Amino acid sequence: MVRVSITKVIYPNAKVLVPTGEVTTVGDAPNTFIQWPKRLLQLTSNKKYDPPPKKSEPICQKLVVKAMYMDQTLKFNGESGGKNAFIELPREDIVDFYMGTKELGITILQVWLVYLHRLGMELGNNTVYGFMDPHLTHSQNERGSVQSYIQKKMCDYMKECYLAPYFNNHHWQLFIINPQKFEVAFLCSLGKKPDKKIYDIVEMKTVELWVLIISYNV
């Protein structure tokens, strides 16, 4: 982050990335200094020079710049299994994802899983991978509702492997269900073991196929 001073305003209603009590939009910023991501700045000079070949901007950078100027949330068609469901992606989630200031938002992960689902269909792997909705496997949900959702998902779609994101204590984890091999693998980038709630969710009384939990440090 660097301090910048805005001298010319083009989009006065565009929201700044780091708002303060006095400055929330670009129109509020003239005659003052604000914090701005260095990666979104481009240095200019009055001196004549031969500019280097233009490089294409990373898609992430294009997305966050677009998010800065949008007034409404983005909507994605999350159609799966013949059911229409739209995922709303707020501007704040896009900016937080790019800045890395907060944990990954559920909506970002939902959009990513929709992409993986469609990619699997294009590659002919639609019967191999199934993806659980992270909003429905959240650790704050009731154990019974999470169990019912996972069991119904497995019975309705009959995939070879299911990926279930699990949000616990401000950190995303993943358990992978492989019914054919009678395994449930648990992945955590921090090397933590599954909490008691995960053990309760995959208990034998609920899903008879789940007989093994493996913890990985990735």
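Residues numbered from 1 in each chain as written. Predicted model: local features only at pLDDT ≥ 70, side-chain atom pairs only at ≥ 80, totals over all residues. Heavy atoms only, no water.

Student: Honestly, the overall build of the chain in this entry has me stumped. Any pointers?
Tutor: Counting its regular elements, the chain contains five helices and nine strands. Each helix (α) and strand (β) of the chain, taken in turn from the N terminus, gives the series β-β-α-β-β-α-α-β-α-β-β-β-α-β. Across the 218 residues in the chain, those meeting the buried criterion constitute 35%. Excluding contacts between residues fewer than 6 apart, the proportion of contacts in the chain whose partners are at least 24 apart in sequence is 51%. Counting only carbon and sulfur atoms, one obtains 54% of the accessible surface of the chain, whose full area is about 14,800 Å². (Helix = DSSP H or I, 4+ residues; strand = E, 2+ residues; numbered from the N terminus. Buried < 20%, exposed > 50% of the residue type's maximum accessible area, 1.4 Å probe, protein only. Contact = heavy atoms within 4.5 Å. Areas by Shrake-Rupley, 256 points an atom, 1.4 Å probe, with all protein chains shown as cover.)

Student: Even after reading the chapter, I still don't get the environment of Thr 20, so can you show me in this structure?
Tutor: Position of Thr 20 among the secondary structure elements: in the loop between strand 1 (2-5) and strand 2 (33-36). On the basis of relative accessible area, Thr 20 is assigned to the partly exposed category, the value being 43%. On a C-alpha basis, the gap between Thr 20 and Ile 34 in space is 8.5 Å, while along the polypeptide they are 14 residues apart.

Student: Just checking my understanding: could you explain the pattern of salt bridges for this structure?
Tutor: Where charged atoms from two side chains of opposite charge come close, those side chains can pair. Applying the stated criterion to the full structure yields one salt bridge. In this structure, Lys 152 and Asp 156 form a salt bridge, with 2.6 Å as the shortest nitrogen-oxygen distance. Of this pair, Lys 152 and Asp 156 both sit in helix 4 (residues 143-157), four residues apart, which is roughly one turn of the helix. A residue is classified by how much of its surface remains accessible, and Lys 152, at 47% relative accessible area, is partly exposed. Taking the relative accessible area as the measure of exposure, Asp 156 reaches 45% and is therefore partly exposed. (Salt bridge = Lys/Arg side-chain N within 4 Å of Asp/Glu carboxyl O.)

Student: Even after reading the chapter, I still don't get the nonpolar core, so can you show me in this structure?
Tutor: Nonpolar side chains tend to gather and get buried jointly when the protein is soluble and globular. Met 132, Ile 150, Met 154, Phe 175, Ile 177 and Ile 201 are the most contacted members of the largest nonpolar core, which totals 16 residues. Of all the elements in the fold, those that place two or more residues in this core are helix 4, strand 6 (161-167), strand 7 (172-178), strand 8 (183-188) and helix 5 (196-201). Residues Leu 17, Val 26, Ile 34 and Val 95 belong to the second largest nonpolar core, which totals 13 residues. (Core = buried A, V, L, I, M, F, W, Y, C linked by side-chain atoms within 4.5 Å.)

Student: Would you mind going over the confidence of the model for the chain with me for this structure?
Tutor: As a general rule, the predicted coordinates of low-pLDDT regions are not to be interpreted in detail. For the chain, mean pLDDT is 76; residues scoring 70 or higher make up 78% of the total. This model gives residues 204-218 a pLDDT under 50, and the stretch forms 43 contacts once residues within four places in sequence are excluded. (pLDDT = per-residue confidence, 0-100.)

Student: Would you mind going over unusual backbone geometry with me for this structure?
Tutor: Only a minority of non-glycine residues have a phi that is not negative, and only a minority of peptide bonds are not trans. Non-glycine residue Met 158 carries a positive phi angle of around 50°. Turning to its location among the elements, Met 158 is positioned in the loop between helix 4 and strand 6. A positive phi angle, near 55°, is found at Asn 169, a position not held by glycine. You can see Asn 169 is positioned in the loop between strand 6 and strand 7.

Student: For this particular structure, what's the right way to read the side chain of Gln 110?
Tutor: The topology assignment puts Gln 110 in helix 3 (residues 106-122). We classify Gln 110 as buried; its relative accessible area is 14%. Apart from residues no more than four positions distant in its own chain, Gln 110 is found in contact with Ile 87, Asp 133, Pro 134 and His 135.

Student: Can you walk me through the packing of aromatic side chains in this structure?
Tutor: Pairs of aromatic rings are described using the distance from one ring centre to the other and the angle between the two planes. Enumeration over the complete set of coordinates arrives at three aromatic pairs. Note on Phe 167 and Trp 172: the rings are 4.8 Å apart at their centroids and 55° apart in plane angle, and the pair reads as tilted. For the pair formed by Phe 167 and Trp 172, the shared burial category is buried. Lying across the ring of Phe 33, Arg 3 places its NZ or CZ 4.6 Å from the centre. (Phe/Tyr/Trp six-rings, centres within 6.5 Å; stacked < 30°, edge-to-face > 60°. Lys NZ or Arg CZ within 6 Å of the ring centre and 35° of its normal.)

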